[in-house]
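Listed below, chain by chain, are the residues.
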Amino acid sequence: SSDLGLYGLPHIARGAVSVIPESGGVDGAEIAALLDRWPGVTMFAAPTMVKRLAGDPAVAGANLSHLKAIIYGGAPMYLADLEAALDVFGPRLAQIYGQGETPMTITALSKAEHADRDHPRWRERMQSVGFPRTDVEVRVIDEEGAFLPPGEPGEIVVRGDVVMAGYWEQPEATAETLRGGWLHTGDIGSFDEDGYLTLRDRSKDLIISGGMNIYPREVEEVLLQHPGVAAVAVVGRPDPEWGEAVVAFVVAGPDRPSEADLDQACLDRIARFKRPKEYCFVDSLPTNNYGKVLKRELRDRLRAGGSPPK
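Asks: Could you give an account of the packing of aromatic side chains, with specific residues and numbers?
Replies: On inspection of all chains with the given rule, the structure shows two aromatic pairs. For the pair Phe131 and Tyr196, a centre-to-centre distance of 5.7 Å together with 70 degrees between the ring planes defines the contact as edge-to-face. One end of the pair, Phe131, is in strand 5 (residues 131-132); the other, Tyr196, is in the loop between strand 8 (183-191) and strand 9 (197-202), and 65 residues separate them in sequence. Phe131 sits in the partly exposed class, given a relative accessible area of 41%. With relative accessibility at 8%, the residue Tyr196 sits in the buried group. Ring centres of Phe147 and Trp182 lie 5.6 Å apart, and the angle between their planes is 75 degrees; on these two criteria the pair is classed as edge-to-face. Taken together, the positions of Phe147 in the loop between strand 6 (137-141) and strand 7 (154-159) and Trp182 in the loop between helix 8 (171-177) and strand 8 put the pair 35 residues apart, joining distant regions of the chain. For Phe147, a relative accessible area of 49% corresponds to the partly exposed category. The exposure class of Trp182 is buried, given its relative accessible area of 9%.

Right under this line is the structure:
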């Protein structure tokens, strides 16, 4: 992946060894064996991989003294999964937020910040993507392009020497993405008073129902706190009355929750209008080979009026 290539460069500059697991996948026993063999291991993992490894008995029982850091990113890391991973791996987790257009260099959340559980805003910070890197300027803007103050969500824009010059032989897409001299990320987020950036969602994933903005991740975080929910993805379905209706695709654990249980979990923690109007129980969520949930596939299925994917 591009991430492996980018991380490889500084490691090679330091004379490090790149180890590629023979299986080509995420196998707990194999990772545990490699950790036993190689000291000072740094690895990159998508949040789904971090969750899988943290729940693997082979990893939980392994000697982790050779593990230096797990850098994660590329998709939302839900707080419950992060807390479980920190319990297994200890203060070895770090997060980087970036895009191919400004690779791995928008914001970062350090190992020290992950380890600082006594900080009064630790939970909020763990749900952020950290603090802007020194080599970029990061702002949040409204639809007119004006900079927004802390607490106000808008599109995240970035500029700096690491931002791309443009898309290869795509001048129109380049002009659109780099308008005004800033890279428009397509991500919605907001800063807090301390300068930590929290992602709300991709702008294309935002649900607008009855004129109200609903960020799917907020609903997903709440549903994942229910012990009967193993995984969830929230998307918008076209609705003639409301514009869009909130739909949750749920992968249930061994004890499948009822829709009433999930409704109550939402009502206890978020505004009533944000709760799903429909729950689709599925065996798995569609993902790419990077572990990122393909919400477009879920929306396409809903628009086609078909049954949810199994």
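Asks: Explain the sheet that holds strand 4 (residues 102-109) residue by residue, including any values.
Replies: If you trace the five strands from one edge of the open sheet to the other, you get 1-2-3-4-5, paired in mixed fashion. Two strands lie at the open edges of the sheet, namely strand 1 (41-45) and strand 5, each paired on one side alone. Across two bridges, strand 4 lies against strand 5 in antiparallel orientation. Paired with Ala108 across the strands is Phe131, a residue of strand 5. The strands that helix 3 (residues 47-54) touches are strand 1, strand 2 (67-72) and strand 3 (93-99); relative to strand 1, the one it contacts most, it runs at about 120 degrees.

Asks: Talk me through the side chain of Glu244; I want residue IDs and the actual numbers.
Replies: With respect to the helices and strands, Glu244 occurs in strand 13 (residues 243-252). The charged side chain of Glu244 is buried without a salt bridge, its nearest counter-charge being Arg303 at 4.4 Å. Engagement of the side chain of Glu244 in a polar contact is seen with the backbone nitrogen of Ile208, the distance being 2.9 Å.

Asks: Explain the environment of Phe191 to me, using residue names and the numbers behind them.
Replies: Looking at the secondary structure, you find Phe191 in strand 8. Judged by its relative accessible area of 14%, Phe191 falls in the buried class. If we ignore the near neighbours within four places in the chain, the residues touching Phe191 are Pro132, Val138, Arg139, Val140, Pro150, Gly151, Tyr196 and Leu197.

Definitions and limits used
- Residues numbered from 1 in each chain as written.
- Predicted model: local features only at pLDDT ≥ 70, side-chain atom pairs only at ≥ 80, totals over all residues.
- Heavy atoms only, no water.
- Phe/Tyr/Trp six-rings, centres within 6.5 Å; stacked < 30°, edge-to-face > 60°.
- Helix = DSSP H or I, 4+ residues; strand = E, 2+ residues; numbered from the N terminus.
- Buried < 20%, exposed > 50% of the residue type's maximum accessible area, 1.4 Å probe, protein only.
- Pairing = 2+ DSSP bridges.
- Contact = heavy atoms within 4.5 Å.
- Axes fitted to C-alpha atoms, helices over the stretch in contact; angles between N-to-C directions.
- Lys, Arg positive; Asp, Glu negative; His and termini not counted.
- Salt bridge = Lys/Arg side-chain N within 4 Å of Asp/Glu carboxyl O.
- Polar contact = N/O pair within 3.5 Å; in protein donor to acceptor, adjacent residues only side chain to side chain.

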